[in-house]
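Tertiary structure, described
Residues per chain are reported as follows:
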Amino acid sequence: MAEINRINRRWYSGMDTSEDWWSVWLGLAFFFLGLLSVTGIDFVGWIAYPHTWVDISKSIAPLGKSYKGLGAVGSICVTYVMFTIATCIGAYFMRWNLKKFFWGWTFIFILTYILWVIGNHAFFAANVTNRVKYGLSVSCSLGGGGAYILALFVGLIIGNFFKNFAEFLSEAAKPEWFIKTAIVFLGVKVGYMAMKAASFVFDLALTGACATIVAYLIFWPGTYAIARKIFKLPRKMSAVLASAISICGVSAAVATGGAVRAKPLIPVMVSALVVVYAVIELVVLPPLFTSTLMHEPIVAGSAMGMAVKTDGADAAAGAVLDELMRNRKMNMDGTKWEEGWITTSAVMTKIWIDMFIGLWAFVLAIVWVYRVDRRPGEVVPISEVWHRFPKFVLGYFATWVVYLIILFVLPDLVENAKVGAVPVEKGMRKLFFMLTFTSIGIITNFKKLIEAKFGKMLGVYCIALFLYIVPVALIVAYIFHHGMGVPVAH
Amino acid sequence: MIELIISHNGKSWTAKNDLLFAEAPTLEKLDSELERQLKHKGCLEKGEEVDLFMSFDNSIIPQWIRQYSQHYFNRIIRLRN
């Protein structure tokens, strides 16, 4: 494996070699293809999209009307070819083992589509209001959540019981790359949703930012105090743990480790803990919030964004929550909430958190260098903020803004723009969500928790997360989001 | 400004470029060692000031973590004689 992007010296370092930037390039490439629909030609409608089914021949079809002739097999083949070319170009520039990536990607892609189709069988997906249509008297009412849970479950089986195979697949099992690309696609969704409910989207963005700032100011000192006062951990380890548990998981652990000049081993150990705990949260929190917070769905989504660490697990948990809550609502009173708002509330909060980590790490570096360690002559370069800025956020906002411009400046193009937006924000976004679920499972090995000697860190993480972070996240989310309902689908 | 690549080998911090190589268990000692070498090589004369820009070698971050974060830290040390 060639070593790449060894140093971040210039502002453009990593543009062609990092996953973060490649999620922007991948996301924007398909976004622009979708945007070309304003010319009247649909360039993205070939995406294969599974529907709720009982007859397998009707389980999958291309999303665009102009591509109906492709049929199920044709659309899957075109989808595979398009995304294999795109991801292999990315893998080539990131200097991954291209052969290993290609075969790993092919397996994960095929497995993901199989699980996506199975998870959309009416027995799993249908709810009270539509199960009769499929000739069923009983169904699980999971909506699209059934496919997500199935993908995670199968991924975890591979990751924990077929370790050599999981190791082979790890070259292509990249949940963070997939989810960051999906979040760029989500920008299209948010822009598309703004076409229908602009003020709600702005409220969500504003309250999400406020909630994030408040959560930061409460989470970090509290978690740091738990690590220092109760578990008597050293300062640097406490700081790294506090950031990982209270901010944004692995990226916060690495950023803080660098800011306080900790030995790299510390954030690496904490990161291993974060990844496993994030999957536990992903499994536990969506059903818990669904059973307790049905009256406040946006609060539940926002709290998820603040509580679940790593972008992949958070967006995945938000997507499962979205499916579970919408289907429960249908079962309760027949109301059909619009898809995507709960996911968006979870992701939007997380994106604000991701953006702040660079600034927070910069502040920590200043405090550590000038106040704690007091090393003479050391200066903290301001460029550190940029190097730690999550670049995929640029793609997310760019796609969002373009659709807002169409909405407000070029309203005549809205109808044509929607034709290209739907396959991207619905088909491609959900495909990359599904790839994320499968990949998270494949790279998560619970045995690491037993094998690694985490000691007190395990206790700090468990207590801080479940007795402090999750409850406070719910309170903060309630303060800023209570009363915000999900728009009803017509 | 003199540019170096800083890294950690599990026990010590290291800083190197074509001209310098220093290794020490703490960053303070690493900076002192670099200062000593610069003076010895005549790169830091009396009354002079020099900035050292140290870019972290991010390749030592395990590959599975790099998808989450690809930057550890860069630092600047201002040395005066």
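Keep in mind it's a predicted model, so treat the numbers as computed, not measured. (Residues numbered from 1 in each chain as written. Chains lettered and ligands numbered in written order. Predicted model: local features only at pLDDT ≥ 70, side-chain atom pairs only at ≥ 80, totals over all residues. Heavy atoms only, no water.)

1. Regarding the overall build of chain A
If you tally the helices and strands in chain A, you get 18 helices and three strands. Taking 23 Å as the expected radius of gyration for a compact globule of 490 residues, we find that chain A reaches 22 Å, a close match to that expectation. Projected onto its principal axes, the C-alpha coordinates of chain A cover approximately 70 × 55 × 50 Å. Pairs at least 24 residues apart make up 78% of the contacts formed inside chain A by residues separated by at least 6 positions. Counting every atom, chain A has about 18100 Å² of accessible surface; 70% of that belongs to carbon and sulfur. (Helix = DSSP H or I, 4+ residues; strand = E, 2+ residues; numbered from the N terminus. Rg over C-alpha atoms; globule rule 2.2 N^0.38 Å. Contact = heavy atoms within 4.5 Å. Areas by Shrake-Rupley, 256 points an atom, 1.4 Å probe, with all protein chains shown as cover.)

2. As for helix α3 (residues 98-119) of chain A
Compared with an ideal rise of 1.5 Å per residue, which puts 22 residues at 32 Å, α3 of chain A spans 30 Å between its outermost C-alpha atoms and is within 8% of the ideal. For α3 of chain A, the N-terminal capping position is held by N97 of chain A, with its side-chain oxygen 3.3 Å away from the main-chain nitrogen of K99 of chain A. (Expected span 1.5 Å × (residues − 1). Polar contact = N/O pair within 3.5 Å; in protein donor to acceptor, adjacent residues only side chain to side chain.)

3. Describing the interface of chain B and chain A
Each side of the interface is counted separately: chain B has 33 residues, and chain A has 43 residues. Between chain B and chain A lies a buried interface of about 3500 Å² when both sides are counted; carbon and sulfur atoms form 54% of it. If you look at where chain B meets chain A, you find two salt bridges. Its salt-bridge partner being R75 of chain B, residue E378 of chain A comes within 2.8 Å of it at the nearest N-O pair. Counting across the chain B and chain A interface gives 15 residue pairs in polar contact (both at pLDDT 80 or more). When contributions to the side of chain B that touches chain A are tallied by element, the ones reaching two or more residues are β1 (2-8), α1 (27-40), β4 (49-56), α2 (63-66) and β5 (74-80) of chain B. A breakdown of the residues in the side of chain B that touches chain A according to their chemical character gives 16 nonpolar, 10 polar and seven charged. Examined bridge by bridge, strand β3 (residues 378-379) of chain A and β5 of chain B share two bridges and lie antiparallel to one another. By the bridge assignment, V379 of chain A is partnered in β5 of chain B with I76 of chain B. (Buried area = accessible area lost by both parts, 1.4 Å probe. Salt bridge = Lys/Arg side-chain N within 4 Å of Asp/Glu carboxyl O. Nonpolar A, V, L, I, M, F, W, Y, C, P; charged D, E, K, R; others polar. Pairing = 2+ DSSP bridges.)

4. Quick look at the packing of aromatic side chains
All names here are of chain A. Within the structure shown, the criterion is met by 44 aromatic pairs over all chains. Considering the side-chain rings of W21 and W386, the 6.4 Å spacing of their centres and the 55 degrees angle between planes classify their relative orientation as tilted. Here W21, found in helix α1 (residues 19-35), pairs with W386, found in helix α14 (residues 383-387); they are 365 residues apart in sequence, far enough to count as distant. Taking the relative accessible area as the measure of exposure, W21 reaches 6% and is therefore buried. We classify W386 as partly exposed; its relative accessible area is 27%. Ring plane angle 10 degrees and centroid distance 5.0 Å describe the contact between W220 and Y224, whose orientation is recorded as stacked. You can see W220 and its partner Y224 sitting in helix α7 (residues 175-230), four residues apart, about one turn around the helix. Among the residues examined, W220 registers a relative accessible area of 9% and is labelled buried. Between the NZ or CZ atom of K391 and the centre of the ring of W386, over which it lies, the distance is 4.8 Å. (Phe/Tyr/Trp six-rings, centres within 6.5 Å; stacked < 30°, edge-to-face > 60°. Buried < 20%, exposed > 50% of the residue type's maximum accessible area, 1.4 Å probe, protein only. Lys NZ or Arg CZ within 6 Å of the ring centre and 35° of its normal.)

5. Side note on the pattern of salt bridges
All names here are of chain A. Under the definition given, this model contains 22 salt bridges over all chains. For E425, the salt bridge goes to K189, with nearest N and O atoms at 3.4 Å. You can see E425 sitting in helix α16 (residues 414-443) and its partner K189 sitting in helix α7, a full 236 residues away along the chain. With a shortest N-O distance of 3.0 Å, E323 and R326 are connected by a salt bridge. Remark: R326 and E323 occur in helix α12 (residues 311-333); sequence separation between them is three residues, near one turn of the helix. Each member of the pair E323 and R326 is classed as buried. Taken together, the shared-partner salt bridges in this structure form one network comprising K189, D322, E323, R326, E339, E425, R429 and K430.

That's the geometry; what it means functionally is another story.
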